[in-house]
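Understanding the architecture of this molecule
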Amino acid sequence: MDEKRLFRNPDLAKRIAEKISKLAPRDEPVKICHVCGTHEWTITHFGIRNMLPPTVEVIAGPGCPVCIVPASEIDEAVKIAEKDVTITCFGDMLRVPGSAMSLLDAKAKGADVRIIYSAGDAVKMAKKSRDRELVFFAIGFETTAPSTAVEMLSSPPRNLSFLVSHRVIPPAMKLLAEMKDLSLNGFIAPGHVSTVIGLEPYEVFPQEYGLPTVVAGFEPLDVLFGVYTILKQINEGKPRLENEYSRVVRREGNVKAQKLMKQVFSVADGKWRGLGTIAFSKLVLREEFTAYDARVKHEVRIAEGVDSHPGCMCHLIIVGKSKPNECPLFLKACRPEKPVGACMVGTEGTCRIWAKTINRQSRVIE
Amino acid sequence: MAMCLAILGKIVKINDSHAQVDFGEGVLREVNITLVEARVGDYVLVHAGYAIQVLEEKEALETLNLWDEILRSETEIE
Ligand code: SF4
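Sequence order as written defines the numbering, with residues in each chain counted from 1. Labels follow written order: the first chain is A, the first ligand is 1, and so on. Per-residue local features of the predicted model are confined to residues with pLDDT of at least 70, and side-chain atom pairs are confined, for both listing and counting, to 80 or more; whole-chain, interface and lining totals are unaffected and use all residues. Computation of side-chain values: all heavy atoms of the structure, hydrogens and water removed.

Describing the overall build of chain A
Looking only at helices and strands, chain A features 15 helices and 11 strands. For chain A, the C-alpha radius of gyration of 21 Å lies close to 21 Å, the compact-globule estimate for 366 residues. Along the first, second and third principal axes, the C-alpha atoms of chain A reach 65 × 45 × 40 Å. To sort residues, take the accessible area from a 1.4 Å probe on protein chains only and compare it with the maximum for the residue type: under 20% means buried, over 50% means exposed, and anything in between is partly exposed. Expressed as a percentage of the 366 residues in chain A, the buried residues total 61%. Contacts are assigned to residue pairs with any non-hydrogen atoms lying within 4.5 Å of each other. Counted over contacts in chain A with a minimum sequence separation of 6, partners at least 24 positions apart contribute 77%. Of the roughly 14,400 Å² of accessible surface on chain A, a fraction of 51% belongs to carbon and sulfur atoms. For chain A, the separation between the mean place of its 50 positive charges and that of its 43 negative charges on side chains is 3 Å. Counting from the N terminus, the helices are DSSP H or I runs at least four residues long and the strands are E runs at least two residues long. Each radius of gyration reported is based on C-alpha atoms, and the globular scaling rule is 2.2 Å times the count of residues to the power 0.38. Each accessible area is a Shrake-Rupley estimate made with a 1.4 Å probe; only the visible protein chains count as cover when residues are assessed. In this tally, Asp and Glu contribute negative charge and Lys and Arg positive charge; neither His nor the terminal groups of the chain are included. To locate a charge, take atom NZ for lysine, CZ for arginine, CG for aspartate or CD for glutamate.

Points about the site of the ligand
Proximity criterion: a residue is near a molecule or strand once any of its heavy atoms comes within 4 Å of it. All residues in the neighbourhood of the ligand are listed as Cys312, Met313, Cys314, Ile317, Cys327, Leu329, Phe330, Cys334, Gly341, Cys343, Met344 and Cys351 of chain A. Residues are grouped as follows: Ala, Val, Leu, Ile, Met, Phe, Trp, Tyr, Cys and Pro are nonpolar; Asp, Glu, Lys and Arg are charged; every other residue, Gly included, is polar. Residues that form the shell around the ligand fall into these classes: 11 nonpolar, one polar and no charged.

A few points about the interface of chain A and chain B
The interface is formed by 51 residues belonging to chain A together with 37 residues belonging to chain B. What gets called buried area is simply the loss in accessible area from a 1.4 Å probe that two parts show on being joined, summed for both. Roughly 3,800 Å² of surface becomes buried between chain A and chain B when both sides are summed, with 63% attributable to carbon and sulfur atoms. Three residues, Met1, Arg15 and Lys19 of chain A, lead the burial of chain A against chain B; their summed loss comes to 16% of the area buried on that side. Criterion for a salt bridge: a side-chain nitrogen of Lys or Arg within 4 Å of a carboxyl oxygen of Asp or Glu. There are two salt bridges connecting chain A and chain B. The closest approach of N and O atoms between Glu56 of chain B and Arg250 of chain A, which form a salt bridge, is 3.9 Å. Two N or O atoms count as a polar contact when they lie within 3.5 Å, although within protein this holds only if one can serve as hydrogen donor and the other as acceptor, and sequence-adjacent residues are included solely when both atoms are side-chain atoms. Here chain A is connected to chain B by 14 residue pairs in polar contact (both at pLDDT 80 or more).

Points about the sheet that holds strand β6 (residues 160-166) of chain A
Residue and element names in this part refer to chain A. Strand order across the open sheet formed by four strands is β4-β3-β5-β6, with parallel pairing between neighbours. Strands at the two margins of the open sheet, each flanked by one partner only, are β4 (113-115) and β6. Sheet twist, expressed as the mean angle between neighbouring strand axes with direction ignored, is 25 degrees. Bridge analysis of strand β5 (residues 134-140) against β6 gives seven bridges, and the strand direction is parallel. Residue Ile139 lies in a different strand from β6, and its bridge partner there is Ser165. Under this scheme, a helix contributes an axis fitted over its contacting stretch, all axes are lines through C-alpha atoms, and angles between N-to-C directions fall in the 0 to 180 degree range. Running over the sheet, helix α6 (residues 119-128) touches β3 (86-89), β4, β5 and β6 and is turned about 180 degrees from β5. Between any two strands, pairing holds if DSSP finds at least two bridges.

Overview of the pattern of salt bridges
Residues and elements named next belong to chain A. Enumeration over the complete set of coordinates arrives at 22 salt bridges over all chains. Of the charged contacts in the structure, one is a salt bridge between Lys323 and Glu57, with a shortest N-O distance of 3.5 Å. Of this pair, Lys323 sits in the loop between α14 (314-317) and α15 (350-356) while Glu57 sits in strand β2 (residues 56-60), and the two are 266 residues apart along the sequence. Here Lys323 falls in the partly exposed class, since its relative accessible area comes to 34%. Residue class for Glu57 comes out partly exposed when judged on its relative accessible area of 28%.

Written out as structure tokens, the structure is:
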């Protein structure tokens, strides 16, 4: 199956874009928010904003799991690393600024920080060096949390513990829906997170907030059709939840993944960098896994950290209130190879995506 | 590595909880398939080394036909 070819069909893209133009409001602009870094990549990479009429704006919400990890949790990882414990993490985490230091800085000072590609790699590594303490820095949304749960439930070696920083997306969407000064008109829900959680968690958005909500995939046609569907719902005055990504998203989601997550984690209030504390948005290990809790085992718990650095506008970028090119540091003091804020670090950070595709902003699907 | 990115690959071989997945252009990787019910030949969505869902090929083609139809029918109404 050639998904790329099928869902990048330029004819169909043009036809959808024409429909969007016809449906677009004349004066009152419409603001649609997505909450996934991969959506931002598709939109930026394929120049989708240039295919939309001026009254249809698509903004990027907090969809970068690396960018929203608060400095206090990076500080915890750094502190553990300083205790001569090996930290294993996804590559994107290395440069995320902590209050004073990133994990990369810690590594430069001699800490043992290793990049891995999956939770399973951390387990393998721990099995190979049983006489050494290892920590897996578990970050990510509902797409990643199930993999941590799989490993936790397969009796990992005792020299491995988990620094859990997983977050769940729907509570963050609620926060955005309630932001008066953001005044959203619709959501493009994150397709890959939805493969796990299913459709039910989004019902509240059309029902309670009157926001059209469409689960969309990550090819250009997916995004365009998502925008079209939202505009249609707005025109009809009938907000509802629709699933345009039925090729992988089922109504019930991935039931097994949900079950494993529930077995391993409970939900607590959690801090998001740039957003503050969001109720019931953080996954924490259940009591029976305390022996694997890195915060307990290595005695670190840091409540407060320095999330933003002077001049950085990440707190506005993360909710789509500002665009990267409105930040005075963008591509000047802050660049992908020398990031100032977290949004420039993660490959799914809005600033990073814009920096990497800046020359492509005017491109359209061809 | 992109964190919320998930990519499609085709299962070529299954070994218990792991599978060899073909991501095209000769890229074969080992993927944990604990979270899905998948068979050899299935396309799976893989995120950070774990398959998180199985793609329904039929559904993909039906979606495109449906979109085409929706766009057509609305042209007729106008
Ligand atoms: S360009 Fe850099 S400093 Fe400015 S908001 Fe983005 S990450 Fe922060």
